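Coordinate inspection notes
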4 protein chains.
Amino acid sequence: MISNDLAELHEECGVFGIYGDPNAARLTYYGLHALQHRGQEAAGICVKRHHLHIHKGEGLVTEVFSADKIDELAGDAAIGHVRYSTAGGGGILNVQPFLFKTLDGDMGICHNGNLVNANVLKRKLEDQGSIFNSQSDTEVLGHLIKRNYGHFIDRLCASLRELDGAFAFLVLLESGLYAARDKYGLRPLSIGQLPSGAYVLASETCAFDIIGAKFVRDVLPGEVIRIRKGEIKSCFYTRSPKDVSDHLCAMEYIYFSRPDSNLEGINVHAARKRAGKVLFEESPAEADVVIGVPDSSLSAATGYAEASGIPYEMGLIKNKYVGRTFIQPTQELRELGVRMKLSAVHSIVQGKRVVMVDDSIVRGTTSKRIVALLKEAGATEVHVRIASPAIKFPCFYGVDTSTLEELISHRMDVDALCDYIQADSLAFISVEGLSKSVRGENGDALCCSCFTGDYVTKLYDSFDKANKDRK
Amino acid sequence: MISNDLAELHEECGVFGIYGDPNAARLTYYGLHALQHRGQEAAGICVKRHHLHIHKGEGLVTEVFSADKIDELAGDAAIGHVRYSTAGGGGILNVQPFLFKTLDGDMGICHNGNLVNANVLKRKLEDQGSIFNSQSDTEVLGHLIKRNYGHFIDRLCASLRELDGAFAFLVLLESGLYAARDKYGLRPLSIGQLPSGAYVLASETCAFDIIGAKFVRDVLPGEVIRIRKGEIKSCFYTRSPKDVSDHLCAMEYIYFSRPDSNLEGINVHAARKRAGKVLFEESPAEADVVIGVPDSSLSAATGYAEASGIPYEMGLIKNKYVGRTFIQPTQELRELGVRMKLSAVHSIVQGKRVVMVDDSIVRGTTSKRIVALLKEAGATEVHVRIASPAIKFPCFYGVDTSTLEELISHRMDVDALCDYIQADSLAFISVEGLSKSVRGENGDALCCSCFTGDYVTKLYDSFDKANKDRK
Amino acid sequence: MISNDLAELHEECGVFGIYGDPNAARLTYYGLHALQHRGQEAAGICVKRHHLHIHKGEGLVTEVFSADKIDELAGDAAIGHVRYSTAGGGGILNVQPFLFKTLDGDMGICHNGNLVNANVLKRKLEDQGSIFNSQSDTEVLGHLIKRNYGHFIDRLCASLRELDGAFAFLVLLESGLYAARDKYGLRPLSIGQLPSGAYVLASETCAFDIIGAKFVRDVLPGEVIRIRKGEIKSCFYTRSPKDVSDHLCAMEYIYFSRPDSNLEGINVHAARKRAGKVLFEESPAEADVVIGVPDSSLSAATGYAEASGIPYEMGLIKNKYVGRTFIQPTQELRELGVRMKLSAVHSIVQGKRVVMVDDSIVRGTTSKRIVALLKEAGATEVHVRIASPAIKFPCFYGVDTSTLEELISHRMDVDALCDYIQADSLAFISVEGLSKSVRGENGDALCCSCFTGDYVTKLYDSFDKANKDRK
Amino acid sequence: MISNDLAELHEECGVFGIYGDPNAARLTYYGLHALQHRGQEAAGICVKRHHLHIHKGEGLVTEVFSADKIDELAGDAAIGHVRYSTAGGGGILNVQPFLFKTLDGDMGICHNGNLVNANVLKRKLEDQGSIFNSQSDTEVLGHLIKRNYGHFIDRLCASLRELDGAFAFLVLLESGLYAARDKYGLRPLSIGQLPSGAYVLASETCAFDIIGAKFVRDVLPGEVIRIRKGEIKSCFYTRSPKDVSDHLCAMEYIYFSRPDSNLEGINVHAARKRAGKVLFEESPAEADVVIGVPDSSLSAATGYAEASGIPYEMGLIKNKYVGRTFIQPTQELRELGVRMKLSAVHSIVQGKRVVMVDDSIVRGTTSKRIVALLKEAGATEVHVRIASPAIKFPCFYGVDTSTLEELISHRMDVDALCDYIQADSLAFISVEGLSKSVRGENGDALCCSCFTGDYVTKLYDSFDKANKDRK
């Protein structure tokens, strides 16, 4: 769940907002800490105290913020952001929230997701004289709002209508906190409430538990929320309810979110456990032990174990090396067998037929490495079971899945891949199986674009850009 | 397993040693990292490069050592130490290893355990003119060696015979690496070997896996090992084999050690899982879910779940706030319900009868807090099952169990304690059940002093000192 | 010279640029280090390596940049900035250089000075849809350039013509380095050349000495310079040579610049020494010793001593506490006489009539404190001589001189001020005396606005803004 | 004065002590800060609060101590130490003060100076079973005190009688603060008093000024002082007054001490200025400007200027790069002329005949470099005048002067050295001239061992050891 070098997929962001509590910055700090798994590269908090004030930097939440910094951020409303990627370069310039200082007042914006028409909009805005300080999509919303007229809510809705893609936006003004979720429902965003009555917003509900807030409801696809003086108002930015669908990212359930979060009312751990059960039903294996790859596959592995009756054991241990100060082994030491990330537990694995449950395969190198680790530790057979369908297409909605070329399932079918990772058998859950696990038989469709290639939105120049930026 | 504010028991140390590898300091760094759960307050490495060189400091291994510092510690043999406690004060002075500079050459010493006759020996040595720079027991061994005569091995054995209590010592000279384990076998110490042939020593075998070393054997109770130029020699410091017993600390199995370590050939996770099974057999409960308190109780909880057929769920999530830079909630926020350490997962717990499996109860406050957390999250019943017997007596062998007064099981029987923590039922595993879980029906006796009050050694003035030092 | 708590005046910035050297970032680091006295609050470097890359942060140059960060900033051209003030709030947002990412390419800008019509321009630009990320004047230039058309040099000149006030700008493109100096010559900017032929630009020539560059010439008032592939091109942004004057800030000579810098060909130390001589001629004193207030008054004090024949002594010592980590004395300790900043040397001062030479009086509190210090140390008389005229008006050209109300010479004449600081006599150098000291009998006029209130430019809303922002 | 890479001589230590003030640690922090020029490698403070508590580390005072650390060191008496050298290796182990924990109570010791018979004593103590944790001489005193019997003052005096060499010791017990100065008076130590009546001790009086303490008197050669409850008692450790002499290190006056300190009642700046005057009288030069090498030669240079009537100018500027985080120029950049430490001011030096006044020549490389710098900047002649006699012999009393071989004046006479550094003339002050400058015509003899080779003490094995340790 906490991504590190093992991780091959990266969510780009988590957002948190609060309005009407004197400890706004400190509660945002805790909220962002609970969302840390959604982005470890940078963090920022923008607080309202008459005007808006900001502090942001590269690193973990605990590295960017000291107690002194939090104390300086006194105020009664705040938005915060954790960010995975510094992709696009520019370091601190791309760290969110963004704070726009205008002669009419201050505006802070942060964003989880990815706009597919950002470049189209940027070109148009630059042609009109706008100038951008970052490569971030997020800045585009600020410029659109600035160039629209009327009441703020109208300017915001008009601007959102110009955007296409995946987003959960928080916008902080001196006069209120706004939140918006894209009309496809691709990225999650939930509303909670503190005992004091103050409202909070977060990408995942686990951020509510840490601060003692109660879950109220999810922001709906296409909905815009305004929080001011303890009351919530709601409208939809879309022209018609027919424009709205519900395609929450399937990988939020299987990979990104924390097991204790609920997405659209469904507990993530429970969904994963059901996926493990379905995975067993679809692809049973004769084996002695079920082992999950830590951390995000443990729920699915227990589901597989319960359904199969094969005992679940902790056969792989992740070493908890924390932070960028950890001294990595030299190439020489790596060749000599020094392994930092995972250890296989010999006494559990030795002489056993193992079902190894993992959440996904992206490039295939990690799976190959873990199979080898288990066999070196004495496993007689390793049957790999993956709790997500094969990822064959890139994501343009805020997940960093690499280019087509790098996706091994784009190049190989299951049999070839099984050979490549040197497993004794390999199976992925089916798209239907995953949908059923998450939402039951009659659930809405999840976004499964990266498995099927059927994208929820138009793609504009995203395909080209994704492949070009990699070079 | 990684102790933090949830932990009420603390192991005081972990040791690691290596002889005959050009990457000695770096491998020791990785070894100590794997042993970090045994002590997070301070760390040190002493390396041999002609003379001995040392670096040590307060903090985690990754905080004390930078890549530059490790590079400065070039050499082909090393000993290292992680330390929990700065008890006794003095900060950096008590951090190990100790490096003694004598006109005859250098000697580095580090130590896991606690001597029960340290004060008796210190008084005698001071009367003879010795002067101590720390409150550590460990320094005593250095002084005794200095005052004995003959070959080094004879001086070491003569000195060890004067010591009483629990210890695993590593002693590094310019001419070899020595290791010794107390004659009761109270503290663990294992021997491993790298592919290059170099030998390593560690408190737990998990430190071997990370560096690609193979387990060779445990150091035996009363044994002294000398490693030099790729060969091991062994002798016993005791006068007779009859002086030797095998009383490894029971809490090493149930609490301190990492689940992937093997102690005396027994995998810790497997032992814990068996304890969970026995715990169910001894104290079944009618319930809907089994939940383990993270991290060290997860193995026992899966054992309980498998034996009972009740599903195992992740109903409690530990927030991974790392390091001393985390900003703690103010008293005001704590009262408002901000909870940093554990979150209960509402969707799993709500409306359920819960079996909550934990590894131990010391002061009772943590258990009380977790029961409350589960009930607030909607649990209808909470049945607490503890995978260790009730701790009624202090430990004098290197575990920081507090004074008699602080041990709640010294003051209350099980019923009273069940009321105090507001559980619906409470049961501890029996001493016999624990022994059987760990070592099978005919196993040697573990050290169960803290459960039974039958101490393995004489106590000298330890009882008085323990209670006085607390004040 | 190095400002600290003693300092009552603050220059806001120093700039450095280089084009065509493979060590661009590292040389900029050294250049900024030499300019550190011009700004200690923040620093940044923007480097060209195909695109532009940036790193900036709050703190001293040595705090903001590590060797790793400099190595990451590989490239062959760079601009850098040190900044005094975080006035206006926003912390990191206002740190320069600014990097603008446009679809046409990147543009980095940094700036020493202050625009008097910034707000007028911002309002106009916002009305046209621009959005600002900082309170900095510097961003305005970026927006103007973006909104002009044609060759870059034409866009730059057209934009500069819209600006009024004091500035020395550096603008880095992927295709060249541009520099511009305001048409009044208020802020200094010099050109140097490395042995390799690469050109460098800096606010002060002391930045050339540290990197082994030779002084070439000053950028002229109203001049725009383009550096590309080792050659310099020059033009003037003003419509006519008559628009150009030469009013370099007088306080650059007497206070801000390093004594080893040359401004318009005149050595700063030598100018200060001449000012000390003139000060004696205008206001002699009968005394036993001449003492300078460290650091910036030492040159003037030796001038006064030489002219008067009274011996110069080190009667005041500045304690070199460096950085923000220094632990300040508590109020209690301050009252008990703990004095961190200056010590009077008893053995030098005791029983003596002292001439105390200082560079300026702003609020008067520091002077009062130093007179008291000297008297406590046994001085029988203290004659204060100030090497600048009385500062009676605020500066709007980049010096942070506070509001009218805070300027004690705005409220008091010399006699009243002499009483206030409890000196035995007090004299300031005359405006004519200072001009003569700096530039000789027939020199051009310096900018003496803060002494005379005759401002070199229109003021727009600066007066109101300066007083409002203080509140 | 603040030593850095320019410095070729290093004092090893400064000490500070205080008894009977509730802000003991904080005042010690300020005192050590004022003594920072005497040692920049490490610092420590030991405080009395019932027992003794300590914090020490490598780095500047401001780096070793945070406000939190000082707050933890609550107590009413303290000793502190700054240390230049980590020579002898062992890093933190050799940092002072030393804290000895004995069953009879705690004892803290720190020390400025060097014992010439330390090895003789260590050998003897080790033969009796003592064990040393450092290579420091200082530990020896602790062991001797431990092995003597009777009242503490008797044990201390008996121990001091066994020591030979240079020392200023501070010893802190739970019951009082003791200070001792060697019988030759080689190292300075002064007594001061705070307005509250609490006594303080410091290597230099500049530490009194910063905390508002008044100078009381110097500790006398051979004297032992006890401070307890606001009263001072005094005795002599020597058997007879005839054993005592007064040979304060000459280099304390000319090089180590801060100009605002008084040593034995003589102001350091004034002594240096007189040395400059004598230097002119002994070795006049025809020249246009007098330039001092910053920082410690500025006083002598003004003396030379006043005596000669040649104007004193700031022709050399030291760049104030602070701390170990400064990024040094690569070899390539150094060759390209990047010079970090000193800049010559072209406009002052060009076309001038320069008298360059420096305080000492050790290896000659720095002088050679500065002469070259001045000539490159256009000086037509450079006449070097040195305010100390030629250093021909190593110091064994606490100054790190290197081996015989490294002392260029041991190998070359003045003419050869003048050629080597490429000066137009070179002269050193005479030993008599220096003595007269410092103490007047009839003053006691200073320790001039490093100039004359007439050592004040026996040398034991110091000569051999000094040369061996270098290898």
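In every chain, residue numbers begin from 1 and rise along the written sequence. Labels follow written order: the first chain is A, the first ligand is 1, and so on. This being a predicted model, a pLDDT of at least 70 is required before a residue's local features are given, and a value of 80 or more before pairs of side-chain atoms are given or counted; all residues contribute to the totals for chains, interfaces and linings. In computing side-chain values, all of the structure's heavy atoms are included and hydrogens and water are not.

In the nomenclature of an unreviewed UniProt entry, chain A is known as Amidophosphoribosyltransferase of Intestinibaculum porci. UniProt positions are given in the numbering used here, feature names are shortened, and annotations may be inferred rather than shown by experiment. Recorded under Pathway (unreviewed entry), the UniProt text for chain A is reproduced unchanged: "Purine metabolism; IMP biosynthesis via de novo pathway; N(1)-(5-phospho-D-ribosyl)glycinamide from 5-phospho-alpha-D-ribose 1-diphosphate: step 1/2." Quoted verbatim from the Catalytic activity (unreviewed entry) field of the UniProt record, the comment on chain A reads "5-phospho-beta-D-ribosylamine + L-glutamate + diphosphate = 5-phospho-alpha-D-ribose 1-diphosphate + L-glutamine + H2O".

A few words on the UniProt feature "binding site: Mg(2+)" (unreviewed entry) in chain A. All names here are of chain A. This chain's UniProt record puts "binding site: Mg(2+)" (unreviewed entry) on Ser296, Asp358 and Asp359. The named residues occupy 64 residues along the chain; their greatest pairwise C-alpha distance, 7.9 Å, places them in one compact cluster. Secondary structure follows DSSP: runs of H or I at least 4 residues long count as helices, runs of E at least 2 residues long count as strands, and numbering of each begins at the N terminus. Considering the arrangement of structural elements, one finds aspartate 358 in strand S19 (residues 353–358). Only protein chains enter the accessibility calculation, which uses a 1.4 Å probe. A residue is then buried if its area is under 20% of the maximum for its type, exposed if over 50%, and partly exposed in between. Accessibility expressed as a relative area gives 7% for aspartate 358, which makes it buried. It only takes one pair of heavy atoms within 4.5 Å for two residues to be counted as in contact. Excluding residues within four positions of it along the chain, aspartate 358 makes contact with Val293, Ser297, Arg385, Ile386 and Ala387. Take aspartate 359: it is sitting in the loop between S19 and helix H13 (365–376). In this view, aspartate 359 contacts Ile254, Tyr255, Ser296, Ser297, Ile386, Ala387 and Ser388; residues no more than four positions away in its chain are not counted.

Attention now goes to the pattern of salt bridges. Salt bridge criterion: a side-chain nitrogen from Lys or Arg within 4 Å of a carboxyl oxygen from Asp or Glu. Following the criterion strictly, the structure yields 88 salt bridges over all chains and no others. Notably, a salt bridge pairs glutamate 252 of chain A with arginine 38 of chain A, separated by 2.8 Å at the nearest N-O pair. Of this pair, glutamate 252 of chain A sits in helix H8 (residues 250–256) while arginine 38 of chain A sits in the loop between helix H1 (24–34) and strand S2 (42–49), and the two are 214 residues apart along the sequence. No difference in accessibility class separates glutamate 252 of chain A from arginine 38 of chain A, as the two residues are buried. Among the ionic pairs, lysine 48 of chain D bridges to aspartate 76 of chain D, the shortest N-O distance being 3.0 Å. On the criterion of sequence distance, the pair formed by lysine 48 of chain D in strand S2 (residues 42–49) and aspartate 76 of chain D in the loop between helix H3 (67–72) and strand S4 (77–83) is long-range, its members being 28 residues apart. Classification of aspartate 76 of chain D by relative accessible area gives partly exposed; the value is 33%. A single salt-bridge network, built from bridges that share partners, covers Arg38, Arg187, Glu204 and Glu252 of chain A.

Moving on, we get to the sheet that holds strand S9 (residues 190–193) of chain D. Residues and elements named next belong to chain D. If DSSP finds at least two bridges between two strands, the strands pair. Pairing is antiparallel in the open sheet, where 7 strands are placed in the order S3-S2-S4-S1-S10-S9-S11. Each of the sheet's edge strands pairs with one partner strand only, and the pair in question is strand S3 (51–58) and strand S11 (214–218). Neighbour-to-neighbour, the strand axes of this sheet turn through a mean angle of 15 degrees, independent of strand direction. In this structure, strand S1 (residues 13–19) lies alongside S4, joined through 7 bridges in antiparallel fashion. The residue of S4 that forms the bridge with glycine 17 is isoleucine 79. Throughout, an axis means a line fitted to C-alpha atoms (over the contacting stretch in the case of helices), and angles, computed between N-to-C directions, take values from 0 to 180 degrees.

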